[in-house]
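A closer look at the structure
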Amino acid sequence: MPSTPTIPRDLSSWLDAHDADAFAQLNEFLRIPSVSARSEHNADTAAAAGWLHAALARIGFTVETLPTPGHPVVLAEWRKAGPNAPTILIYGHYDVQPAEPLELWTSPAFDPTVRDGKLFARGSVDDKGQLWAHVMALAAHLDVRGRLPVNVIVLAEGEEEVGSPNLAPFIEKHMIRLACDAVVISDSAMFAPGIPSILSSLRGLAYFEVTVRGPSGDLHSGMYGGAVVNPAMALARALATLHDAKGRIAIKGFYDKVKPFPAAVLKGMRALPHSDARFRKEIGVRALGGEAGKTTLEKLWTRPTCEINGLLSGYTGEGAKTVLPGEAMAKVSFRLVPDQRPEVIERLFKAHLMRQLPASSGVTVKVTALHGGRPWRADLDGPVFDAARIALRAAFGRAPVIVGEGGSIPVVGDFERILGAPVLLVGFGLPGENAHAPDEWIGVRNFRDGTRTMAMLYEEFAARHAAGA
Ligand code: BES
Ligand code: ZN
């Protein structure tokens, strides 16, 4: 076993000395409610971009805020490491999910508060806190040593939480400028406290809104019920056909392109210390569901799914109202695995619903695709992954595990495809972090160790790149 690497002393002392300042600034960033999905927050989203722009300029980067048809991209560059040094592109997002339901937050969503070693706020872990860890690592190098060991591009977008609709065209347009040797992203979680993790896969996404319409308006359920097809019932029946009794998705052709995960990856997954009992407890359920015959981690990381994300129809207020609703709506999304494609899933899903609810059924169905992204899988070979293994070991005192992830970061595949660079995903969130939910938090200690990891990663990557060149 090689001796445990350690974070360079000058950098870690600087980070210790600037710890309070790092959190004070992060709190400022977190106070800006940059909810990309809500147009009433457009000014806040722009303010978050402006705040980040200023922060990156302050540490010595050349920064531009570039418009897109939606929220802008903050693009910061530091390219003085020399022509032989590698270039790292750090990607993150400054937008956040809506904070509702607000009443379920213990402290207000946009008033960052530390309790029990956790910093609570919307965006603390997803993704402002993780992005900020990178910025602090860069600041340490620049302030202590006056330079970085690698050329660095920071690309922060404001539309990740709405499916990054404008980012692939942006990367294509700026392909030459964004050319790099590795993309580094911290927008995910570690497997468990104290167990640093490198991500080897993400699921893709295909998200739809389904509307079923019946009579031209709401009807009295006594005067009409029994003789008129109820759109809420029709939609519920159609949705119920999406899975079979074994938890598999019952859409024709759905699994055709699913490529099995390599045996070594599955073996690694089975060796991880996962406990179903702990997992159930964390989310407050007595039993788990899903496909029969698969382990929980296999279900979460390697298998495609179909979920109802929202349902709306009829009377949902206090008390009773005897109504036969004129329409019903559902939000339905699929998580995809290699080599499924969102466009193909859209075609198959529409065909399935049309078969369930044909013109003769008494209702009409309309399906709108909202957003999608391809699944991703890495092979984890090369200098940036080796550098990450060393840096994580130095910061966390143990070797990282390789994990999969059920969530999606659609742009990861785009980076790989357009820039031809490997993508390293190292996240510093933790299970139970409440991303997208009330009481989102990032572990204070994880923020610190994440910052140290990054400070060391740049150096290790430069050294390995030089050795390999
Ligand atoms: N940070 C998450 C993605 C993620 C979640 C990665 C968990 C690893 C672990 C990201 O901000 C996110 O929530 N993405 C959305 C994508 C969607 C809006 C296109 C998701 O997965 O639902
Ligand atoms: Zn998110």
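Heads up: the structure comes first, above all this text.
What comes next concerns the included structure. Bear in mind the structure is a predicted one, so any value in this text is a computation, not a measurement.

Quick look at unusual backbone geometry now. Cis peptide bonds are those with omega within 30 degrees of zero, and the linkage from D126 to D127 qualifies with 5 degrees. Note the cis peptide between P338 and D339, where omega equals -5 degrees. With respect to the helices and strands, D339 occurs in the loop between β13 (327–336) and α10 (342–356). Although it is not a glycine, S164 sits at a positive phi angle of roughly 45 degrees. Mapped onto the secondary structure, S164 falls in the loop between β6 (151–157) and α5 (167–173). A relative accessible area of 9% places S164 in the buried class.

The subject of this paragraph is the pairing of strand β7 (residues 182–185). Along β7, one buried face is formed by A182 and V184 and the opposite face, lined by V183 and I185, is buried too. By the bridge criterion, 4 bridges tie strand β3 (residues 87–93) to β7 in an arrangement that is parallel. Bridged to I88 within β7 is A182. When β7 meets strand β17 (residues 423–425), the two strands line up parallel, connected through 3 bridges. Residue pairing across strands places I185 opposite L425, the latter belonging to β17.

For the structure on display, the rule yields 1 cavity of 30 Å³ or more. Taken as a whole, the largest cavity holds about 50 Å³ of empty space. For the largest cavity, the full set of lining residues is L15, D19, A22, M136, F447, R448, T451 and R452. When residues in the lining of the largest cavity are grouped by element, the largest group, 4 residues, is from helix α13 (residues 444–468).

This brings us to the environment of I7. Topologically, I7 is positioned in the segment before α1 (9–17). By relative accessible area, which is 14% here, I7 ends up buried. Sequence separation between I7 and M456 is 449 residues; the distance between their C-alpha atoms is 6.1 Å. Once you skip the residues sitting within four places of it in the chain, I7 turns out to touch S12, A394, A395, R452 and M456.

Turning our attention to helix α6 (residues 231–240). Along α6, the residues classified as buried are P231, A234, L235, A238 and L239. One side of α6 holds all its buried residues, which, seen down the axis, span an arc of 130 degrees. Exposed and facing more than 90 degrees away from the buried side of α6 are R237 and A240. Where α6 is buried, its residues touch β9 (204–213), β11 (305–313), β12 (323–324), β13 and α10. Its side-chain oxygen 2.8 Å from the backbone nitrogen of A232, N230 forms the N-cap of α6.

A few words now on the site of ligand 1. Of all residues adjacent to ligand 1, which total 16 residues, the nearest are E160, D187, R335, E405 and H436. Here an oxygen atom of ligand 1 and a side-chain polar atom of E161 are 3.2 Å apart. At a separation of 2.8 Å, a nitrogen atom of ligand 1 approaches a polar side-chain atom of D187. Across the shell around ligand 1, the residue classes break down as 3 nonpolar, 7 polar and 6 charged.

Ligation of the zinc ion (ligand 2) by protein atoms is provided by D126 (OD), E161 (OE), E161 (OE) and H436 (NE2), these donors lying 2.0 to 2.6 Å from the ion. Geometry at the zinc ion (ligand 2) is irregular, judged from its 6 donor atoms and the angles of 54 to 152 degrees they form at the metal. Sequence spacing among the residues donating to the zinc ion (ligand 2) works out to D-x34-E-x274-H. Placement of the pair is D126 in the loop between β5 (118–120) and α4 (128–145) and H436 in the loop between β17 and β18 (441–443), with a sequence separation of 310 residues.

Here the focus is the packing of α4 against α13. Closest axis-to-axis distance for the α4/α13 pair is 8 Å, and the angle between their directions is 55 degrees. Regarding the angle of α4 to α13, the classification is oblique. Both α4 and α13 take part in a crossing whose hand is right-handed. On α13, the residues that touch G129, W132, A133, H134, M136, A137, L138, H141 and R145 of α4 are F447, G450, T451, M454, A455, Y458 and E459. Of the residues contributing to the contact of α4 with α13, the split by class is 9 nonpolar, 5 polar and 2 charged.

Definitions and cut-offs
Residues numbered from 1 in each chain as written. Chains lettered and ligands numbered in written order. Predicted model: local features only at pLDDT ≥ 70, side-chain atom pairs only at ≥ 80, totals over all residues. Heavy atoms only, no water. Helix = DSSP H or I, 4+ residues; strand = E, 2+ residues; numbered from the N terminus. Buried < 20%, exposed > 50% of the residue type's maximum accessible area, 1.4 Å probe, protein only. Pairing = 2+ DSSP bridges. 1 Å grid on protein atoms, 1.4 Å probe; cavity = no way out; pocket = protein on both sides within 12 Å on 5 of 7 lines; lining within 4 Å. Points joined across faces, edges and corners; volume = space filled by probe spheres on them. Contact = heavy atoms within 4.5 Å. Arc of directions from axis to C-beta. Polar contact = N/O pair within 3.5 Å; in protein donor to acceptor, adjacent residues only side chain to side chain. Near = heavy atom within 4 Å. Nonpolar A, V, L, I, M, F, W, Y, C, P; charged D, E, K, R; others polar. Donors = N, O, S within 2.8 Å, 3.2 Å for Na, K, Ca; no water. Tetrahedral: all angles 85-135°; square planar, octahedral: opposite > 155°, others 65-115°. Axes fitted to C-alpha atoms, helices over the stretch in contact; angles between N-to-C directions. Parallel < 35°, antiparallel > 145°, perpendicular 65-115°, else oblique. Left-handed = near helix turned anticlockwise from the far one by under 90°.

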